[in-house]
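Coordinates in review
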Amino acid sequence: MTDAPLPIEEVQAVETAWTTGIVIEKAQPTDDLVQLRVHVQDRIRHRPGQHYLIRLRAPDDYTAQRSYSVASDDDDPLVEFLVERLPDGEVSSHLYDVVEVGDELEVRGPIGRWFTWDTTTPAVVLVGGTGVVPAVAMLRTARRLGRTDLLRVVAVGRSPDHLPYRAELAKAGASLAYTRVSADTRAAGAPTADEVRPLLEGVELAYVCGSARFASYAETLLVDCGMPVEGIRVERFGPTG
Ligand SMILES: Cc1cc2nc3c(=O)[nH]c(=O)nc-3n(C[C@H](O)[C@H](O)[C@H](O)COP(=O)(O)OP(=O)(O)OC[C@H]3O[C@@H](n4cnc5c(N)ncnc54)[C@H](O)[C@@H]3O)c2cc1C
């Protein structure tokens, strides 16, 4: 991490360049999720919601690069990624199956201005599956600043096993919704307008992140609940190419 006394709100955007990330920690919390904690050389401070590019290079110089959101807060000495291994996914399978602690990755970041939380604006965050990753960064930052009251996070997964960071999200006050199984007093199903509408009071922005299908459901739901469309920021984790 760089030594920078300025609060993150005052850090100016700078051009990013490819650099080296060394994998310091690797965990596989489920059969299809890999968590990598990476030391990034010449690291630039990031805002919650930003992502990095990770580029793989084969011996014949073929390259493949994909975007991965940062889960960690800016004060974490390592940059944390949480990647879902997709069936036949080129980069995600490599990160899950092949990459080991000590390996070097080519990385570039942080990237993204639109989908970042400024740490002061009250916001609703509606995320699904691995789309929870930027919400985790936002909550970790809010916790450091003592402002978790500013964020109302709704995290959606098929079941508890399909919701990354489930325990941490719950502890931070997020509402958890499972589409395929009932839990506690909540019946299985996607979040409803009745659940989301009360969260919008006093909120100026909404962040939506997940698959294309989830994102379009969530955006429509927010509009139906009265959120102005210009206040909704969407990030889609779609298949590549
Ligand atoms: C800003 C941003 C942030 C992101 N953050 C994250 C994150 O934090 N965590 C995360 O897990 N993902 C994230 N993603 C998604 C990520 O960038 C990759 O898209 C994802 O990991 C898949 O890449 P891959 O190389 O493994 O799969 P790819 O090789 O690109 O394939 C993806 C899937 O599509 C299928 N597929 C590919 N091509 C075709 C085709 N032509 N026809 C039919 N099917 C096809 C494959 O079988 C596979 O199942 C993010 C995306 C964006 C844009």
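Fair warning: this is a prediction, and the values are worked out from it, not measured in the lab.

Some points on the nonpolar core
Nonpolar side chains in soluble globular proteins generally cluster together in the buried interior. L151, V153 and L169 are the most contacted members of the largest nonpolar core, which totals 27 residues. For this core, the secondary-structure elements that each account for two or more residues are β7 (123–128), α2 (132–145), β8 (151–157) and β10 (205–210). Of the residues forming this core, the biggest block, seven residues, is contributed by α2. Residues in contact with L151, not counting those within four places in the same chain, are W117, A123, V125, M138, L139 and A142.

Overview of the sheet that holds strand β4 (residues 63–69)
Hydrogen bonding along the main chain pairs the strands of a sheet, whether they run parallel or antiparallel. One open sheet accounts for six strands, arranged β4-β3-β6-β1-β2-β5; its pairing is antiparallel. For this open sheet the edge positions go to β4 and β5 (79–84), each flanked by a neighbour on one side alone. Neighbour-to-neighbour, the strand axes of the sheet open up by a mean angle of 40 degrees, direction not taken into account. The pairing of strand β2 (residues 33–40) with β5 spans six bridges and is classified as antiparallel. Its bridge partner being in β5, L33 is matched across the sheet by E84. The sheet contacts of helix α1 (residues 90–97) involve β1 (19–30), β2, β3 (51–57), β4, β5 and β6 (104–111), and relative to β4 the element is tilted by about 80 degrees.

Quick notes on the rules
- Residues numbered from 1 in each chain as written.
- Predicted model: local features only at pLDDT ≥ 70, side-chain atom pairs only at ≥ 80, totals over all residues.
- Heavy atoms only, no water.
- Core = buried A, V, L, I, M, F, W, Y, C linked by side-chain atoms within 4.5 Å.
- Buried < 20%, exposed > 50% of the residue type's maximum accessible area, 1.4 Å probe, protein only.
- Helix = DSSP H or I, 4+ residues; strand = E, 2+ residues; numbered from the N terminus.
- Contact = heavy atoms within 4.5 Å.
- Pairing = 2+ DSSP bridges.
- Axes fitted to C-alpha atoms, helices over the stretch in contact; angles between N-to-C directions.

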